[in-house]
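Now for the letters of each chain:
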Amino acid sequence: GADMAAFADPAFAAEFSTLQRVEDATVNGVNVAVFETSVDYAALFSSDLLRDAIEAQLETQRDMMAEQGLDPAELEAFNADTVMGIYEAMFSSATMVSQTAIGIEDGFVYETTLMMDMDFDAAAFEAAVAELGEEEDMGPLGIPPLTIDFDFTVTQGAFGEVDEVTVPADAQLLPSELFGM
């Protein structure tokens, strides 16, 4: 079976994401190379490796339930196909793009941007959840349509500069041992 470590493998990530250098730019007067990563959620949710990793996680949960004297059969309807269906319903319209601006001369990261857009299809999500086959009809979950438009940018600079820090007169310093140092 697969485990979650597979997600750190660049070859796996390449199956559902693209990385490309886009037009160079200037950030705070510094010439930067800009690299853009896009996620293809349809490819991710059709990945056999993801399906296997989810099934391995569910199998671990079933084993833990059995060890605790619970009935692992309660999770039988909740299998990798069901989870993938729920994820697909949640993220079918999602797009995620990140950009990283790296100094051409010094290699420092000057700017990182994350952009995510998603229209959450509540009806498709409820249909996927209904496939769990619960004995009691849960009825409509009452989840309203949701649109997420998230843009986040972090700009950095002044590398190597040290700001002077003034300790307030009434500051109480804690011994570093408290933090395991």
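I will try to describe carefully the structure that is included in this document. (Residues numbered from 1 in each chain as written. Predicted model: local features only at pLDDT ≥ 70, side-chain atom pairs only at ≥ 80, totals over all residues. Heavy atoms only, no water.)

Here we come to the pattern of salt bridges. For the structure shown, the criterion picks out 4 salt bridges. For R21, the salt bridge is made with D24, and the minimal N-O distance between the two is 2.9 Å. A residue is classified by how much of its surface remains accessible, and D24, at 38% relative accessible area, is partly exposed. A salt bridge links R62 to E59, with the nearest nitrogen and oxygen atoms 3.3 Å apart. One end of the pair is R62 and the other is E59, both in helix α3 (residues 48–67) and 3 residues apart, which spans about a single turn. Judged by its relative accessible area of 6%, R62 falls in the buried class. Classification of E59 as partly exposed rests on a relative accessible area of 39%. The structure contains a network of salt bridges with shared partners spanning E55, E59 and R62. (Salt bridge = Lys/Arg side-chain N within 4 Å of Asp/Glu carboxyl O. Buried < 20%, exposed > 50% of the residue type's maximum accessible area, 1.4 Å probe, protein only. Helix = DSSP H or I, 4+ residues; strand = E, 2+ residues; numbered from the N terminus.)

The next thing to look at is the environment of T153. Following the sequence through the fold, T153 ends up in strand β5 (residues 146–155). Classification of T153 as partly exposed rests on a relative accessible area of 45%. The sequence separation of T153 and M115 amounts to 38 residues, and the corresponding C-alpha distance is 8.7 Å. Here T153 is in contact with E111, T112 and T113, once residues within four sequence places are set aside. Side chain to side chain, T153 and T113 meet in a polar contact 3.3 Å long. (Contact = heavy atoms within 4.5 Å. Polar contact = N/O pair within 3.5 Å; in protein donor to acceptor, adjacent residues only side chain to side chain.)

Contact pair α3 / helix α4 (residues 80–91): the axes reach a minimum separation of 9 Å and the direction vectors enclose 120 degrees. Our classification of the angle between α3 and α4 gives oblique. The two elements α3 and α4 meet at a crossing, and its hand is right-handed. Residues L50, R51, I54, E55 and L58 of α3 form the contact with α4, whose participating residues are A80, D81, V83, M84 and Y87. Its residues placed into classes, the contact of α3 with α4 shows 7 nonpolar, no polar and 3 charged. (Axes fitted to C-alpha atoms, helices over the stretch in contact; angles between N-to-C directions. Parallel < 35°, antiparallel > 145°, perpendicular 65-115°, else oblique. Left-handed = near helix turned anticlockwise from the far one by under 90°. Nonpolar A, V, L, I, M, F, W, Y, C, P; charged D, E, K, R; others polar.)

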